[in-house]
Amino acid sequence: MLKSYLNSIEPRIIFIISTITLSIIGLLMVFSSSSIVAMENHADSFFYLKRQGLFLLLGLVIMGACSSINTNILAKNYKFFYIIGIVLLILVLVPILGRKSGGATRWIQVFSFSLQPIEIAKYMLLIFIAQHLNIKNTRIKEFKIGVVSTFLPCIPYILLLLMQPDFGNTVLICVTIFAMIILSGAKLSHIFGIFLVLLSSFLSLIYIAPYRMKRVMSFLDPYEDPQGTGYQIIQSFVSFAKGKFFGVGLGNSSQKLFFLPQGYNDFIFSIIAEELGFIGSLLIIILFGLLIFSGFKMLERAKDLFSRNLISGIIILTSLQIIINISVTIGLMPTKGVPLPLISYGGSSLIFTLFAFGLVLALDKRKN
Amino acid sequence: MNSFIKEFKEKDSELRKRINLIKYCIFLFLIVITIKVFSLQLIYNEEPLKFSKIQTNPFQLLGNRGEIRDANGKILAVSVAYPSIHLNPREIKDKVYYAKILSKTLSLPREQVLKKLNKRKYFVWIKRLASHKEGDKILSLNLPGVGIKMEYKRDYPFGHLAGQVLGHTNLDQIGMEGLEYKFNNELAGSKKIITLTKDGKGKIITDNFSAIENPEDGSNVNLTIKSKYQFILEKEIARAVKKSKALRGYGIIINPNTGEIYAMGSYPFFNPNKYSEYEDLSKKRNLPAWNTFEPGSVMKSFLVASAIEEGVVNDKTIIDCEMGKRRIGKYIVHDVNKKGNLNISGVLNFSSNIGASKIIEKISNNKYYSFLKNLGFGSKTNIQLPGEAKGILINPEKWSQIQAANISFGQGMSVTSLQLAKALSIIANGGVNIEPYLIKSITNSKGEIIFEKKLNPGRRIISYTTSKKMRKLLKSVVEDGGGFKAQIEGVSVSGKTGTGQVATKGGYSKERFIVSFIGFAPSDSPQLVSVITIDYPKGERAYGGRWAAPVFKKTIEKILIDEEKVEKFVKAKDVPSFLGKAKREVIKIAKEKNLKVKIIGNGFVKKQSPKPGNIYQFQEEISLFLEPGI
């Protein structure tokens, strides 16, 4: 009954409402979880709130603007977008521009603003792959043309990401592209083959770099080293446990008092769980569910292949980010560094997620 | 055409299946996540909360430890706040730079600092109880991640003065030795446990911190010790030990009428400020109460007292000292001064062993034993010090003739200096029992007296006549006999020397002697009793008369001269108040008023000793304890 009721509502409305609701909750939680850190680091408890508010406004404007563009421009210039992504990822590795943080260089620093290129580049790659699959559609069942030629352009991205290193986004991109190939009709045997290749290459990556191994092990049993590798996960668990059903109340989290590093970023879901309780966690998950649900509705009714490909790419990428981020906070996956879309603090992520959602709305409007 | 459409439709339905598959996968994941979130928040939420408790630390507030003061209120032990420097390694990024700066400022090895910086902790002590100078430097460097916590440290302003009596505390201000140990419960401030919430960086986030009431400070222990006497005694003992190249020396000064211990010293010294630097634990021992030895001829004083008390000798008694050789069974008793007939005074003056051996034969063993027992030999004096020894006094049933002879001149039994001082006090004070004591009173932090030594009239041990006779006899020993080096110009002195043999495995050592002098002054109305012991002086003529008597003389002489000087200095000034004044101001006032001050700590004066309004003693040093202001 619920489903038929939801089916009766225009998916664009569900999509827009859940997006705006989530980003406003995000803004609130960024403020709540960052005010103390902001006071400590910037002597202004509104520091992160102000910036995030600005990003949100900018993002919503971009989303509105994108929702009415002619998406043919995207399809036509798909190679250009591909190159923009590559250039951005190369810029990170330029020593004067790149900003190191926690052993990895993932940021470009321009004056006081910093940019996380992968947040933009991943959508650039999606646009490219969407059009690429569109062009190769008729020969999608051939292994070389359909599968290999789709994966090849991803390799420079992957290599550049691994140089940062950014293991989390590498996985994210690979899995998204993989899903896009599945949805564009590749043969099951080919898909299974790629799956094995991807799996084995990730396993070997983990095997080569022992610190990844350590991270992977730590999420399996965080209590083994509660002060070391298991620290973040346990502190996240503490947040969840403290939240119980109704939460400790907005602004009352004690875990954000530097116990949970990145409480306004990667671990913001834990702070939500602590302050708003299971009710709050459930509300966030339901809102994301509605977002994904309406996204799929638009995917299913897409009129052309390019739209279908790009919508599926964006929706799957967003879904994966949500799943990975929350799974990390609840100890189902190793710590990754993937932000929670619309909620986590960060201009690059927020603005370009909204940019991509704008594209989804534009593609949905596109008449064949 | 038809087939193409058909194929397209087939393909389309295939793709719809795939879309649904992925969609369901995603929603399945979301459901799994919801279940896990549910279980984390509402079902398995106890284990993680244990880790959360670490963050609300029970924090112990400790009242300040009380002071130990001398008889004039001068502070001998006090707790002063020092800066302890800690850091948060997780907050510090440039560890090499920090290691460089911190090792230089705090003069610590760089590797050690770096090791601490690399710990994956939020709180690490880098240097506890650093100097105020170091604390100020750290403060001025203003390094993020480095903090200062004021911690109290025990300070002994006079260094080794009465070090073995005072003992010391450990880093946590718990008494480990001496009075600090014995009176730990009284001195220690009360504890109060409060729960403090700290943030992840270790910062306390309790907002009503000032509202927390401080726990009560510990009580102050007031001693009978007079610093001046203690200082003179220690100085003279040290001088004698060095001059005689002895192993060690110790002494005690006591008021024979009350039992107040004015001074109690041991050399080599023990400076409780540096307690951790002493490997040889025996240096921490308060030897006058702890060490037992065979006292030798000093015991003849008690023998004669007993004989007079029993009426077995009088002024007319003549004893044949057999020209220095007496055979008892298969043993021969020797005298250094070979004499024939001697009266009692002569036996003491020439310290005749043969004379003593004949006197003990006149008293019954049982009677002499119970006499010694009454004087306090063979049992503890119950002075409140840890590790007091009781010595050895064998049951009289077991005394053979030669053993009795030995006991008559102080061999075959062992005593402590404290016991000698007590026994001599009874002989000197007119014959009544006294209890030596160190603790005059204990006052709590509010100034209320919670303990005060009450003097009870002592039990009579010997008659007043005997006491008077003994004063005279022992005065003669100093004036005409073996104790002549104890003579003080203008003051009559009574006393007795002793040279105790030291028992080793195969009999008595031919080299090692423990030499003593026991005495009192003035002879007619004794005010001070002192027992001086020098252990193992080197070289020929290792006699009590040679080494111990001069220590007695110089010590008592200086004390009495000093007292006189003070009396002359009657135009006494009042001690001004320095409380709350800054260091610079203190120095200025001291200069203006020509006062000697000793400044301990930094900042503002929190305590002073002697207290304002007290009479300023001649050349007295005023101790000022400073603490950084807020």
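Being a predicted model, the structure only gives us computed values, none of them experimental.

Caption draft 1: Region of the structure containing the overall build of chain A. When helices and strands are counted, chain A shows 15 helices and three strands. Of all 368 residues assigned to chain A, the portion counted as buried reaches 60%. For chain A, the share of sequence-separated contacts (at least 6 apart) that also reach a separation of at least 24 residues comes to 73%. Summed over all atoms, the accessible surface of chain A reaches about 14700 Å², with 71% contributed by carbon and sulfur.

Caption draft 2: Spotlight on the overall build of chain B. Summing up its helical and strand segments, chain B has 19 helices and 21 strands in all. Of all 630 residues assigned to chain B, the portion counted as buried reaches 52%. Long-range contacts, defined as pairs at least 24 residues apart, comprise 71% of the intrachain contacts of chain B with a sequence gap of at least 6. Counting only carbon and sulfur atoms, one obtains 53% of the accessible surface of chain B, whose full area is about 30400 Å².

Caption draft 3: Expanded view of a positive patch on the surface. Residues and elements named next belong to chain B. On the surface, a cluster of positive charge is contributed by Lys100, Lys104, Arg110, Lys133, Lys137 and Lys583. Breaking the positive patch down by element, the ones donating at least two residues are α3 (95-105) and α5 (132-141). With respect to the secondary-structure elements, Lys583 resides in helix α19 (residues 583-593).

Caption draft 4: Representation of the sheet that holds strand β21 (residues 621-627) of chain B in the model. All names here are of chain B. Taken together, the three strands give an open sheet; going across it, the order is β19-β21-β20, and neighbouring strands pair in mixed fashion. In this open sheet, the two edge strands, each paired with only one partner strand, are β19 (596-601) and β20 (604-609). Here the strands of the sheet are splayed against their neighbours by 30° on average, with no regard to which way each runs. Examined bridge by bridge, β19 and β21 share six bridges and lie parallel to one another. Bridge pairing links Lys596 to Glu621 in β21.

Caption draft 5: Examining the nonpolar core more closely. By size, the foremost hydrophobic cluster in this structure holds 119 residues, and its most contacted members are A:Ile177, A:Leu310 and A:Ile314. With 15 residues, helix α13 (residues 268-300) of chain A is the single largest residue contributor to this core. Those residues in contact with A:Ile314 that sit more than four places away from it in its chain are A:Tyr123, A:Leu126, A:Ala356, A:Phe357, A:Leu359 and A:Val360. Listed in part, the 85 residues of the second largest apolar core include B:Leu348, B:Ala423, B:Ile434 and B:Ile462.

Caption draft 6: Layout of helix α14 (residues 305-329) of chain A. With 25 residues, α14(A) ought to run about 36 Å at 1.5 Å a step, and its terminal C-alpha atoms sit 36 Å apart, in line with that. Remark: A:Gly331 follows α14(A) within two positions and exhibits a positive phi of approximately 75°.

Caption draft 7: Molecular detail of the side chain of B:Asn222. Residues and elements named next belong to chain B. Residue position: Asn222 is located in strand β7 (residues 220-223). On the basis of relative accessible area, Asn222 is assigned to the buried category, the value being 9%. Only 3.3 Å separates the side chain of Asn222 from the side chain of Arg69, close enough to count as a polar contact. Ignoring sequence-local partners within four residues, the contact set of Asn222 consists of Arg69, Leu438, Ile439, Lys440, Ser441, Ile442 and Thr443.

Caption draft 8: Broad picture of a nonpolar patch on the surface. Residues and elements named next belong to chain A. Judged by side-chain polarity, Phe192, Phe195, Leu196, Leu199 and Leu203 come together as a nonpolar surface patch covering roughly 500 Å² of accessible area. Tracing the backbone through its elements, the reader meets Leu196 in helix α10 (residues 188-208). A relative accessible area of 45% places Leu196 in the partly exposed class.

Caption draft 9: Looking closely at the interface of chain B and chain A. At the junction of the two partners, chain B supplies 39 residues and chain A supplies 54 residues. It is B:Arg18, B:Ile19 and B:Gln41 in chain B that bury the most area against chain A; as a group they hold 15% of the surface buried on that side. Taken together, the links from chain B to chain A amount to one salt bridge. Between B:Lys23 and A:Glu300 there is a salt bridge, and its shortest N-O distance comes to 3.0 Å. Run the count over chain B and chain A and you get nine residue pairs in polar contact (both at pLDDT 80 or more). Looking at the side of chain B that touches chain A, the elements that each hand over two or more residues are α1 (2-43) and α2 (47-53) of chain B. The dominant element in the side of chain B that touches chain A, judged by the number of residues it contributes, is α1(B), at 23 residues.

Caption draft 10: Here's a closer look at the packing of aromatic side chains. Taken as a whole, this structure holds 24 aromatic pairs over all chains when the rule is applied. Aromatic pair A:Phe31 and A:Phe46: ring centres 5.3 Å apart, planes at 5°, arrangement stacked. Linking A:Phe31 in helix α2 (residues 11-42) with A:Phe46 in the loop between α2 and α3 (47-66), this pair joins segments that are 15 residues apart in sequence. Their ring planes at 90° and their centres at 5.3 Å tell us that B:Tyr229 and B:Tyr262 sit as a pair that is edge-to-face. With B:Tyr229 in helix α9 (residues 227-243) and B:Tyr262 in strand β9 (residues 261-267), this pair connects stretches of sequence that are 33 residues apart. The exposure classification of B:Tyr229 matches that of B:Tyr262, with both residues buried.

Caption draft 11: Representation of the packing of helix α16 (residues 417-428) of chain B against helix α17 (residues 464-480) of chain B within the structure. Residue and element names in this part refer to chain B. At a minimum axis distance of 7 Å, the contact between α16 and α17 shows a crossing angle of 110°. Between α16 and α17, the interaxial angle falls into the category roughly perpendicular. Here α16 contributes Leu424, Ile427 and Ala428 to the contact with α17, which in turn contributes Ser467, Met470, Arg471 and Leu474. Considering only residue class, the contact of α16 with α17 consists of five nonpolar, one polar and one charged.

What counts as what
- Residues numbered from 1 in each chain as written.
- Chains lettered and ligands numbered in written order.
- Predicted model: local features only at pLDDT ≥ 70, side-chain atom pairs only at ≥ 80, totals over all residues.
- Heavy atoms only, no water.
- Helix = DSSP H or I, 4+ residues; strand = E, 2+ residues; numbered from the N terminus.
- Buried < 20%, exposed > 50% of the residue type's maximum accessible area, 1.4 Å probe, protein only.
- Contact = heavy atoms within 4.5 Å.
- Areas by Shrake-Rupley, 256 points an atom, 1.4 Å probe, with all protein chains shown as cover.
- Patch = residues over 30% accessible without salt bridge, like charges linked within 9 Å, V, L, I, M, F, W, Y side chains within 5 Å.
- Salt bridge = Lys/Arg side-chain N within 4 Å of Asp/Glu carboxyl O.
- Lys, Arg positive; Asp, Glu negative; His and termini not counted.
- Charge placed at Lys NZ, Arg CZ, Asp CG, Glu CD.
- Pairing = 2+ DSSP bridges.
- Axes fitted to C-alpha atoms, helices over the stretch in contact; angles between N-to-C directions.
- Core = buried A, V, L, I, M, F, W, Y, C linked by side-chain atoms within 4.5 Å.
- Expected span 1.5 Å × (residues − 1).
- Polar contact = N/O pair within 3.5 Å; in protein donor to acceptor, adjacent residues only side chain to side chain.
- Buried area = accessible area lost by both parts, 1.4 Å probe.
- Phe/Tyr/Trp six-rings, centres within 6.5 Å; stacked < 30°, edge-to-face > 60°.
- Parallel < 35°, antiparallel > 145°, perpendicular 65-115°, else oblique.
- Nonpolar A, V, L, I, M, F, W, Y, C, P; charged D, E, K, R; others polar.

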